[in-house]
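The chain contents come next:
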Amino acid sequence: DIVYENLTMKNVGQAIVIVSYYPDRDIPKVGQHVAPEPVGGTTPQWRKITIRNVTATGCTKSAGMILGLPESPATDITLENVNIEAPAGLRIGYAKNVTLNKVNVKAAEGEPLIIEDTVEGLKRID
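To keep things clear, this report deals only with the structure shown in the data block. (Residues numbered from 1 in each chain as written. Predicted model: local features only at pLDDT ≥ 70, side-chain atom pairs only at ≥ 80, totals over all residues. Heavy atoms only, no water.)

With respect to the overall build of the chain
Link 1 in the chain: Within the chain, the secondary structure is distributed over zero helices and 10 strands.
Link 2 in the chain: Reading the chain from its N end, one meets helices and strands in the order β-β-β-β-β-β-β-β-β-β.
Link 3 in the chain: In terms of C-alpha radius of gyration, the chain reaches 14 Å, essentially the compact-globule figure of 14 Å for 126 residues.
Link 4 in the chain: Projected onto the principal axes, the alpha-carbon positions of the chain cover approximately 40 × 30 × 25 Å.
Link 5 in the chain: Counting across all 126 residues of the chain, residues that qualify as buried make up 40%.
Link 6 in the chain: Look at the contacts in the chain between residues 6 or more apart in sequence, and 70% of them connect residues 24 or more apart.
Link 7 in the chain: With an accessible surface of roughly 7200 Å², the chain has 48% of that area assigned to carbon and sulfur atoms.
Link 8 in the chain: Each charge class in the chain was averaged separately, 13 positive and 15 negative side chains, and the resulting centres sit 4 Å apart. (Helix = DSSP H or I, 4+ residues; strand = E, 2+ residues; numbered from the N terminus. Rg over C-alpha atoms; globule rule 2.2 N^0.38 Å. Buried < 20%, exposed > 50% of the residue type's maximum accessible area, 1.4 Å probe, protein only. Contact = heavy atoms within 4.5 Å. Areas by Shrake-Rupley, 256 points an atom, 1.4 Å probe, with all protein chains shown as cover. Lys, Arg positive; Asp, Glu negative; His and termini not counted. Charge placed at Lys NZ, Arg CZ, Asp CG, Glu CD.)

Now the structure itself:
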């Protein structure tokens, strides 16, 4: 039950980052499937997060990433009234019950939204 709202960002690397992979682990490439590992006390969990009324311009890397784990997907994530301009789009993978409500990503190259086949229950409202 975390809410991030009414944020304006300029010249940040990525506007939205919800990632379960640690810096010393390789983040899977887009479309790459990884085997689930056993769930334990240190398994990251991302649940019930709302990001609302966010504007980001001049991102230097990408719009961002929402990437859970195969054994612990990011769950019940809502993006509402989000506007991002970046060189690359927003990647979503290993996630469940994601709602995109009035999300506008302008990517200089590639798709604005990179929705992987590991996402279940995606709901788009525009």
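Here the narrative resumes, following the displayed structure.
Description of the side chain of Glu-116
Link 1 in the chain: Within the fold, Glu-116 resides in the loop between strand 8 (113-115) and strand 9 (119-120).
Link 2 in the chain: A polar contact is formed between the side chain of Glu-116 and the backbone nitrogen of Gly-31, at a distance of 3.2 Å.
Link 3 in the chain: Ignoring any residue separated from it by four or fewer positions in sequence, one finds Glu-116 in contact with Lys-29, Val-30, Gly-31, Arg-91, Ile-92 and Gly-93. (Polar contact = N/O pair within 3.5 Å; in protein donor to acceptor, adjacent residues only side chain to side chain.)

Regarding the sheet that holds strand 2 (residues 14-19)
Link 1 in the chain: Ordered in space as 2-4-6-8, the four strands form an open sheet in which the pairing is parallel. Strands at the two margins of the open sheet, each flanked by one partner only, are strand 2 and strand 8. On average, each strand axis in the sheet is inclined to that of its neighbour by 10 degrees, with strand direction left out of account.
Link 2 in the chain: Pairing of strand 2 with strand 4 (residues 62-67) involves five bridges; the strand directions are parallel. In the strand pairing of strand 4, Val-19 is matched with Leu-67. (Pairing = 2+ DSSP bridges. Axes fitted to C-alpha atoms, helices over the stretch in contact; angles between N-to-C directions.)

Observations concerning the environment of Pro-87
Link 1 in the chain: Its place among the elements puts Pro-87 in the loop between strand 5 (74-86) and strand 6 (90-93).
Link 2 in the chain: On a C-alpha basis, the gap between Pro-87 and Pro-112 in space is 9.4 Å, while along the polypeptide they are 25 residues apart.
Link 3 in the chain: Excluding anything up to four places from it in sequence, Pro-87 contacts Cys-59, Thr-60, Lys-61, Ser-62, Ala-107, Ala-108 and Glu-109.

Digging into the pattern of salt bridges
Link 1 in the chain: Counting across every chain of the model gives three salt bridges.
Link 2 in the chain: The residue Glu-5 makes a salt bridge to Arg-52 at a minimum N-O spacing of 3.0 Å. Here Glu-5 is found in strand 1 (residues 2-10), whereas its partner Arg-52 is found in strand 3 (residues 47-57), with 47 residues between them in sequence.
Link 3 in the chain: The closest approach of N and O atoms between Arg-91 and Glu-116, which form a salt bridge, is 2.3 Å. Residue Arg-91 is located in strand 6, and its partner Glu-116 is located in the loop between strand 8 and strand 9; the two are separated by 25 residues in the primary sequence. One exposure class covers both Arg-91 and Glu-116, and it is buried.
Link 4 in the chain: Connected through salt bridges with shared partners, the residues Glu-5, Arg-52 and Glu-80 form a single ionic network. (Salt bridge = Lys/Arg side-chain N within 4 Å of Asp/Glu carboxyl O.)

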